[in-house]
Amino acid sequence: MRLSHYFLPLLKEDPREAEIISHRLMLRCGMICMIERGIYSWLPLGLRVLQKIQSIIHKYQQEIGALPMLAPTLQPAELWKESGRLDAYGKEMLRFKDRHQRELIYGPTAEEVLTDIVRRHVKSYKNLPLNLYNIQWKMRDEIRPRFGVMRGREFLMKDGYSFDLTPKDARISYEKVFQSYLKTFKAMGVQAIPLRAATGPIGGDLSHEFHILAQTGESELYLDQNLLDQEGLEMKDFEKFYAATDEKHDPSSCPIPLDQVSCSRGIEVGHIFYFGSKYSAAMNALVKNAGGQDIPLEMGSYGIGVSRVLAAIIEAHHDEKGICWPVPVAPFSLGLLSLGRSSEVEKTSTNCYQRLIDMGFEVLWDDTEKSPGEKLASMDLLGLPFQLIIGERNLQQGLCELKERKTSNVQVISLEEVLNILDTNTALPRFKEVF
Ligand code: P5A
């Protein structure tokens, strides 16, 4: 992508309304634009990252056999009357009437919708287990939307729903999602810690939240210090460590010495629930078991805050100059900067851009008239993993600079060497067609 053909409204100054770094950087990089408190437009650069995050989610959902679908954003209030939660959600739920005076809501979550689909079409245990998920906009009329997309009113959520015959099978489904969420967040370049959590208006008695540790996190977490050193654990191993959100933490029944418990702040990027037959019994979603009896489905639901995790990734990956994107979620892998206006710089940059595109890399080429200083600063702000800098002086010796954004490590080498380094970097995504 040529910057001169792109829409990237960068801000030079820190916007005053932004209290935390991810919000500041998202605004400064032209990723989002607020249209109303807690409601944002996603500009081209922001959307690219959102799409990267979504493809990682799809990959790991597919791995556990969960099936993608798309539920509507609007739901009839009737369904929520059936489940008995219409009032429980209170003012967070946006309600309105259509022209026929039918009460509708903008879905804050979709347990009722999915229970309704499954009760219509699944009648036998032979069609189980089933795990359906979607990535869809949700609306929660938060009393205090803040920190940009971190706590929005309209936000993108991955929400999945599992259906099983028995509590034992349902727990297996829960554990599968638990495990796959750890992989999902890791693939996005962040470490998410699972903690025992309260279930709130979703219900049930088994629940875990997934948190990314960050000073700016809104949640207070109580963790066994040893948990932080662990890698590749299964759910049953995690259960051995004490990890609780502030709602669940109880110093009087904490099983480990309190001086071993560290209190940290975290951003809740995922939340999973096992609630058995809460919705299926209320909504009459029954299946026949092997003995021919109709019994209510055993269910769980599983959420990831897709737009929130994007902000959390920035909280975890930035420095004083701007964002440092982890490779898998970076909007482009590489920034190409042409410094100076000589025809040599122009010719080499054009050639280089074309070759990088042909190799399948996602490149953002700053081909604008801005000064070298400005180009370098905005590329650092944008935080693409690599920068390829073509400047007049180096070019006279047939050289250019390859800079790794995260480490600021610079190599002054020939263009062929740069292409070779990039070509052998297997972590960089390659595309046949660049969207
Ligand atoms: C699980 C999926 C649920 O709604 N029903 C379907 C269950 N869980 S949850 O914890 O309430 O939400 C899931 C995740 O959505 C993110 N989230 C938000 N992100 C941005 N702004 C908000 N206002 C907001 N509210 C929830 C969180 O990451 C949460 O874990």
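In this report, the structure presented in the accompanying data block is examined. Note that the structure is a prediction, hence the values are computed from the model and not measured.

### Focus: helix H12 (residues 415–423)
Along H12, the residues classified as buried are Leu415, Val418, Leu419 and Leu422. The arc that holds the buried residues of H12, viewed along the axis, is 95 degrees, so those residues lie on one side. Where H12 is buried, its residues contact strand E19 (334–339), helix H9 (343–358), strand E21 (386–391), strand E22 (399–404) and strand E23 (409–414).

### A short note on the environment of leucine 79
As for its placement among the helices and strands, leucine 79 is situated in helix H3 (residues 77–83). Classification of leucine 79 by relative accessible area gives buried; the value is 9%. Remark: the alpha-carbon pair of leucine 79 and glycine 340, spanning 261 residues in sequence, is separated by 63 Å. Beyond its immediate chain neighbours, meaning those up to four positions away, leucine 79 contacts Glu112, Val113, Asp116, Arg119 and Met283.

### Regarding helix H4 (residues 111–121)
Taking burial as the measure, the 11 residues of H4 include eight buried ones, the bulk of the element. For H4, every residue scored as buried is listed here: Glu111, Glu112, Val113, Leu114, Thr115, Asp116, Val118 and Arg119.

### Some thoughts on the packing of helix H1 (residues 21–28) against helix H8 (residues 306–316)
Helix-helix packing is characterised by the crossing angle of the two axes and by the distance between the axes. Closest axis-to-axis distance for the H1/H8 pair is 8 Å, and the angle between their directions is 105 degrees. Taken together, the axis directions place H1 and H8 in an arrangement best described as roughly perpendicular. Contact residues: H1 offers Ile21, Ser22, Leu25 and Met26, while H8 offers Leu310, Ala311, Ile314 and Glu315. Split by residue class, the contact of H1 with H8 holds six nonpolar, one polar and one charged.

### Quick notes on the site of the ligand
Lining the immediate environment of the ligand, one finds 23 residues, of which Thr109, Glu111, Arg140, Gly152 and Glu268 sit closest. Between the ligand and threonine 109 there is a distance of 2.8 Å, counted from a nitrogen atom to a side-chain nitrogen or oxygen. In the environment of the ligand, an oxygen atom lies 3.5 Å from a nitrogen or oxygen atom belonging to the backbone of valine 269. Relative to its free-state accessible area of 600 Å², the ligand is covered by the protein chains to the extent of 96%. Mapped onto the shell around the ligand, the elements with two or more residues apiece are strand E8 (154–164), strand E13 (261–276) and strand E16 (298–305). Looking at the shell around the ligand element by element, the count peaks at five residues for E13.

Cut-offs used in this document
- Residues numbered from 1 in each chain as written.
- Predicted model: local features only at pLDDT ≥ 70, side-chain atom pairs only at ≥ 80, totals over all residues.
- Heavy atoms only, no water.
- Buried < 20%, exposed > 50% of the residue type's maximum accessible area, 1.4 Å probe, protein only.
- Helix = DSSP H or I, 4+ residues; strand = E, 2+ residues; numbered from the N terminus.
- Arc of directions from axis to C-beta.
- Contact = heavy atoms within 4.5 Å.
- Axes fitted to C-alpha atoms, helices over the stretch in contact; angles between N-to-C directions.
- Parallel < 35°, antiparallel > 145°, perpendicular 65-115°, else oblique.
- Nonpolar A, V, L, I, M, F, W, Y, C, P; charged D, E, K, R; others polar.
- Near = heavy atom within 4 Å.
- Polar contact = N/O pair within 3.5 Å; in protein donor to acceptor, adjacent residues only side chain to side chain.
- Areas by Shrake-Rupley, 256 points an atom, 1.4 Å probe, with all protein chains shown as cover.

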